[in-house]
There are 2 protein chains.
Amino acid sequence: MPVTFAERTELLKASEIREILKITQRPEVISFAGGLPAPELFPVEEMKDIAVKVLEESGSQALQYSTTEGFDPLRQQIAVRMNAKFKTDVGATNILITCGSQQALDFSGKLFLNPGDVVLCESPTYLAAISAFKAYQPRFVEVPTDDNGMIIPELEKILQTNENIKLIYLIPDFQNPTGRTWSLERRQQFIQLINRYEIPAIEDNPYGELRFEGEILPAIKSMDTKDLVIFVSTFSKTFCPGLRIGWVAAGARFIEKYILIKQGADLHTSSISQRIISRYMEIYDFEAHIKSITDVYRRRRDAMIHTMQENFAGDVRFTRPQGGLFTWVKMPPYIKAVELLKQCLRQEVAFVPGDSFFPNGQVENTFRLNYSNMPEERIAEGIKRLAAVMRKY
Amino acid sequence: MPVTFAERTELLKASEIREILKITQRPEVISFAGGLPAPELFPVEEMKDIAVKVLEESGSQALQYSTTEGFDPLRQQIAVRMNAKFKTDVGATNILITCGSQQALDFSGKLFLNPGDVVLCESPTYLAAISAFKAYQPRFVEVPTDDNGMIIPELEKILQTNENIKLIYLIPDFQNPTGRTWSLERRQQFIQLINRYEIPAIEDNPYGELRFEGEILPAIKSMDTKDLVIFVSTFSKTFCPGLRIGWVAAGARFIEKYILIKQGADLHTSSISQRIISRYMEIYDFEAHIKSITDVYRRRRDAMIHTMQENFAGDVRFTRPQGGLFTWVKMPPYIKAVELLKQCLRQEVAFVPGDSFFPNGQVENTFRLNYSNMPEERIAEGIKRLAAVMRKY
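Residues numbered from 1 in each chain as written. Chains lettered and ligands numbered in written order. Predicted model: local features only at pLDDT ≥ 70, side-chain atom pairs only at ≥ 80, totals over all residues. Heavy atoms only, no water.

Here we look at the overall build of chain A
Regarding its fold elements, chain A presents 12 helices and 14 strands. Against the 2.2 N^0.38 benchmark of 21 Å for 393 residues, chain A shows a C-alpha radius of gyration of 21 Å, consistent with a compact globule. Expressed along its principal axes, the backbone C-alpha trace of chain A runs to roughly 60 × 60 × 55 Å. Across the 393 residues of chain A, 64% fall into the buried class. If you take every contact in chain A between residues at least 6 apart in sequence, the share linking residues at least 24 apart comes to 76%. As displayed, chain A has an accessible area near 14300 Å², and 49% of this comes from carbon and sulfur atoms. Averaging the positions of the 47 positive and the 49 negative side-chain charges in chain A gives two centres separated by 3 Å. (Helix = DSSP H or I, 4+ residues; strand = E, 2+ residues; numbered from the N terminus. Rg over C-alpha atoms; globule rule 2.2 N^0.38 Å. Buried < 20%, exposed > 50% of the residue type's maximum accessible area, 1.4 Å probe, protein only. Contact = heavy atoms within 4.5 Å. Areas by Shrake-Rupley, 256 points an atom, 1.4 Å probe, with all protein chains shown as cover. Lys, Arg positive; Asp, Glu negative; His and termini not counted. Charge placed at Lys NZ, Arg CZ, Asp CG, Glu CD.)

In structure tokens, the structure reads:
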């Protein structure tokens, strides 16, 4: 009798692109492929101070088992910040601390999806959300998008014509991969529509606080009159991903179930990491830290956009994000991004072909660029190399 | 259209016992209910030193995203220690770092179980493993056990008469909840049997290094000639649970799949926690630290066993564990542990009724006692109170 695996594992495979991109770990490669924050902005000195403080003040608790929900003062701080920044109205009891926001996505699949159920998502959407949900064997239906978010009449048509839609997944602020942000009007139309169909929506917002210009828009969660929106975020982009601290914010009927799932999945998130972030926010100026990050990323975005404007052909389109980490490039249909990547790797420049961001595939002439992880000169040099390769087509 | 949840969530409920036990958080209650390590043994001073060192030496990497598999030096250290202590033959590439061993159990369910599949486990078994697997909707078949482990002819009968057995779960060293350890002979018989049936086995070993007397027995993984055994462990009992660092050790065909599951589930385990443990083991004497824990727990076990011998009636049986954190009490059939608990709580003493450790329930006259988390005098006082309540029956 041979060993067999669960059916859900049939969809588990190492991504071909990930294999190709392994070579981008060589330092000479200019890689726009990752989504890494700039490590030189991590508050390493402050962290040394805080780690010692936390261990001195509460070593026994920081190193002991703790509650599944998370460290209460941190839950409270998150609720207060969310309400101030995104106009939501949540309290500490609405928050579950997770191991990064990726875990919140996995739990969302676990909570809502039977095999064959339908997940709606933006087209394109975040590739690791696709992986997280895939473990629960759903069918993905992609909702067409424009510069203002999901196209609402298209969404409505999909809601009318598909059965077993259990979840809508969206990233309204500086979306991964496109860098686009939903307009206020689109947010309001969206909530009206899901209120009518009563479909839960995951509002994934890892980048919203990294805004380079203009005002932060209210979260869709802030307009949520029927407790259908589950807000997911993380400290990975505003602080440090290595601590693995994210969260889910949702009404009681959902958050109680997320907590039970967390209990079975890993008991709780690192007590010491939670206390470090919490104490950091008490002692240091977290808003000033976020401002220092956005100042740097704004300059990097400017360098990337400027170099693309100067060097890309007129029929190559790209987004101009107002925040976040990514821009999105659309080439004429005859250029295949995977082929382009292979050529670019010879010139030691890398990116992620757009195909991976469409759960049902088949869009081959797009790619994602990250600008948060390297200085402007290197960005300019990389874009020039990329443009030179593209010009050969 | 009302919101619906996945079928698997029907099995998710807050445990009634957990609710009862919430009152045990009051400091005046003598609680034998938890499974907490003694916090006074956490190396808080050393941790302060190490946290600063890690941030100084490698702050940018410790706070950045890192690989899903885990921090390579730590994987290597774990492999070397496992091989030395448990006679296994694993390398760094066989190791995946997880968020506590609980996550390794959750992933095991995710990897192997379709709804309706059968999981075999010791009767009784670890209650949080039951919760982890339940999310994947299996049927549990309990294998009868004695003081030497699973009773092999009973296991064979079950293997012969059940279909769709996908996984065998066992804790051979100082089992939770019974504190019992499988004999060497039983381990050998077990591996011969599963080799014949080719069923994967999860060998969960969180307590094996906490041995009070005698020699550590070879892990079942060390006898694994067909790569069927998946060894799971953690630093939660030998170091600090608050860091949430556990691991899976398995052959290539399994570990590759665990890594893909981890990637979708939460990307990776806290980089800084991994580096802290790794650096601690480089600089400090980890074996001496473990010895200091076992010395303390041995005295606590002695106090508990001694007080039970003096105060429990002759028809109450209990195990005498050679290591680990727990002992297991069996009362005459007419005493129900849940009723006893309610009476005991009035005397401010608590434990976990055994019912929760039988996935199919119906064993009502047993309970689990933890002795790691309080000094001897308090253990003696609690056991005396418990004995006084029991005598009323």
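Moving on from the coordinates now.
Comments concerning the sheet that holds strand S3 (residues 118-123) of chain A
Residues and elements named next belong to chain A. The strand order across the open sheet built from eight strands is S2-S9-S8-S7-S6-S3-S4-S5, with neighbouring strands paired in mixed fashion. Two strands lie at the open edges of the sheet, namely strand S2 (95-98) and strand S5 (149-150), each paired on one side alone. Examined bridge by bridge, strand S7 (residues 201-204) and strand S8 (residues 229-234) share four bridges and lie parallel to one another. Note on S8: the bridge partner recorded for isoleucine 202 is isoleucine 230. Strand contacts of helix H4 (residues 100-112): S2, strand S6 (165-170), S7, S8 and strand S9 (246-249), with the helix running at about 155° to S8, the strand carrying the most contacts. (Pairing = 2+ DSSP bridges. Axes fitted to C-alpha atoms, helices over the stretch in contact; angles between N-to-C directions.)

Overview of the pattern of salt bridges
This structure, assessed with the given rule, holds 66 salt bridges over all chains. When the shortest N-O distance is used, the salt bridge between arginine 180 of chain B and aspartate 147 of chain B registers 3.5 Å. Placement of arginine 180 of chain B in the loop between strand S6 (165-170) and helix H7 (184-197) and of aspartate 147 of chain B in the loop between strand S4 (139-146) and strand S5 (149-150) is noted, with a sequence separation of 33 residues between them. What makes aspartate 147 of chain B exposed here is its relative accessible area of 54%. Within this structure, Arg81, Lys85, Glu209 and Glu287 of chain A form a network of salt bridges that share partners. (Salt bridge = Lys/Arg side-chain N within 4 Å of Asp/Glu carboxyl O.)

With respect to the packing of helix H11 (residues 337-346) of chain A against helix H12 (residues 376-391) of chain A
Residues and elements named next belong to chain A. One can describe the packing of H11 onto H12 by two numbers: an axis separation of 10 Å at closest approach and a directional angle of 125°. What the angle tells us is that H11 and H12 run oblique. Considering how the two elements wind past one another, H11 and H12 form a crossing that is right-handed. Judged by residue contacts, Leu340, Gln343 and Cys344 of H11 engage Leu386, Val389 and Met390 from H12. Taken together, the residues of the contact of H11 with H12 break down into five nonpolar, one polar and no charged. (Parallel < 35°, antiparallel > 145°, perpendicular 65-115°, else oblique. Left-handed = near helix turned anticlockwise from the far one by under 90°. Nonpolar A, V, L, I, M, F, W, Y, C, P; charged D, E, K, R; others polar.)

Structural notes on H7 of chain B
Because each turn of an α-helix spans 3.6 residues, side chains separated by three or four positions in sequence point in the same direction. All names here are of chain B. In a regular helix each residue adds 1.5 Å, so 14 residues correspond to 20 Å; H7 covers 20 Å between its end C-alpha atoms and thus fits that length. Residues of H7 that are buried: Arg186, Arg187, Phe190, Ile191, Leu193, Ile194, Asn195 and Tyr197. Looking at the buried positions of H7, the neighbouring elements they touch are S4, S5, helix H6 (152-161), S6, strand S7 (201-204) and strand S8 (229-234). Note on H7: the residue one or two positions beyond its end, glutamate 198, has a positive phi of about 55°. (Expected span 1.5 Å × (residues − 1).)

Side note on the relation of the copies chain A and chain B
Placing chain A over chain B gives an RMSD of 0.0 Å and needs a rotation angle of 180°, together with 0.0 Å of translation along the axis. As the rotation angle and translation indicate, the two copies are arranged about a two-fold axis. Looking at the rotation axis and the C-alpha trace of chain A, the residue lying nearest is alanine 51 of chain A, at 3.3 Å. (Least-squares fit on C-alpha atoms with pLDDT ≥ 70 in both.)

Some remarks on the nonpolar core
A general tendency of soluble globular proteins is for nonpolar side chains to be buried together. Phe190 of chain A together with Phe190 of chain B are the most contacted members of the largest nonpolar core, which totals 277 residues. With residues up to four places along the chain from it excluded, the contact list for phenylalanine 190 of chain B reads Met150, Ile152, Leu155, Ile168, Leu170, Trp182, Ala201 and Ile220 of chain B. (Core = buried A, V, L, I, M, F, W, Y, C linked by side-chain atoms within 4.5 Å.)

Quick word on unusual backbone geometry
With an omega of 0°, the peptide bond between serine 123 of chain B and proline 124 of chain B qualifies as cis. Looking at the secondary structure, you find proline 124 of chain B in the loop between strand S3 (118-123) and helix H5 (127-134). Residue proline 177 of chain B follows asparagine 176 of chain B across a cis peptide bond; omega there is 20°. Looking at where proline 177 of chain B falls in the secondary structure, it is placed in the loop between S6 and H7. You will see that asparagine 164 of chain A, though not glycine, has its phi angle at about 55°, which is positive. Mapped onto the secondary structure, asparagine 164 of chain A falls in the loop between helix H6 (152-161) and S6.

A short note on the side chain of threonine 238 of chain A
Residue and element names in this part refer to chain A. Here threonine 238 shows up in the loop between S8 and S9. The exposure class of threonine 238 is buried, given its relative accessible area of 3%. If we ignore the near neighbours within four places in the chain, the residues touching threonine 238 are Glu209, Leu210, Phe286, His289, Ile290 and Ile293.

Description of the environment of valine 90 of chain B
All names here are of chain B. You can see valine 90 is positioned in the loop between helix H3 (72-86) and strand S2 (95-98). Taking relative accessible area as the criterion, valine 90 reaches 9% and is therefore assigned buried. Taking C-alpha positions, valine 90 is 36 Å from phenylalanine 318, a pair spaced 228 residues apart along the chain. Leaving out residues up to four positions away in the same chain, valine 90 has contacts with Ala79, Met82, Asn83, Ile95 and Lys221.

Quick notes on the side chain of serine 271 of chain A
Positionally, serine 271 of chain A belongs in helix H9 (residues 271-283). Setting aside residues up to four positions removed in sequence, serine 271 of chain A forms contacts with Gln61, Ala62, Gln64 and Ser66 of chain A together with Gly242 of chain B.

Thoughts on H9 of chain A
When the terminal C-alpha atoms of H9 of chain A are compared, their 18 Å separation across 13 residues agrees well with the 18 Å that a helix rising 1.5 Å per residue should span. Of the residues making up H9 of chain A, those classed as buried are Ser271, Ile272, Ser273, Gln274, Arg275, Ile276, Ile277, Ser278, Tyr280 and Met281 of chain A. The elements touched by buried residues of H9 of chain A are helix H2 (44-62), helix H3 (72-86), S2 and helix H10 (286-311) of chain A together with helix H9 (271-283) of chain B.

Digging into the pairing of S3 of chain A
On any regular strand, side chains alternate: one points to one face of the sheet, the next to the other face. All names here are of chain A. Among the six residues of S3, six are classified as buried, and the element is accordingly described as predominantly covered. The pairing of S3 with strand S4 (residues 139-146) spans six bridges and is parallel. When the sheet's bridge partners are listed, glutamate 122 is paired in S4 with valine 143. In terms of handedness, the path from S3 via helix H5 (residues 127-134) over to S4 forms a crossover that is right-handed. Direction of pairing for S3 relative to S6: parallel, over a ladder of four bridges. The residue bridging valine 119 from the neighbouring strand is leucine 167, located in S6. (Right-handed = clockwise from strand over helix to strand, strands pointing away.)

As for the pairing of strand S11 (residues 326-330) of chain B
Residue and element names in this part refer to chain B. The element S11 is largely enclosed, with a buried count of four among its five residues. Across five bridges, S11 lies against strand S14 (residues 366-370) in antiparallel orientation. Paired with lysine 330 across the bridge in S14 is threonine 366.

Structural notes on the domain arrangement of chain A
Residues and elements named next belong to chain A. Domain annotation for chain A reports domain 1 (7-42 + 288-391) and domain 2 (64-283). Summarising the inter-unit geometry, the C-alpha centres of domain 1 and domain 2 are found 24 Å apart. Across the boundary between the two partners, domain 1 contributes 32 residues, which contact 33 residues of domain 2. For the pair domain 1 and domain 2, the two sides together bury roughly 2900 Å², of which 63% comes from carbon and sulfur. The interface formed by domain 1 and domain 2 contains two salt bridges. We note a salt bridge from glutamate 213 to arginine 320, for which the minimum N-O separation is 3.3 Å. (Domains from an automatic or database assignment. Buried area = accessible area lost by both parts, 1.4 Å probe.)

Remarks on the sheet that holds S4 of chain B
Residues and elements named next belong to chain B. With mixed pairing, the eight strands of this open sheet are ordered in space as S2-S9-S8-S7-S6-S3-S4-S5. The sheet is open, and its two borders are formed by S2 and S5, each paired with just one other strand. Across the face of the sheet, H6 comes into contact with S3, S4, S5 and S6 while running at roughly 160° to S4.

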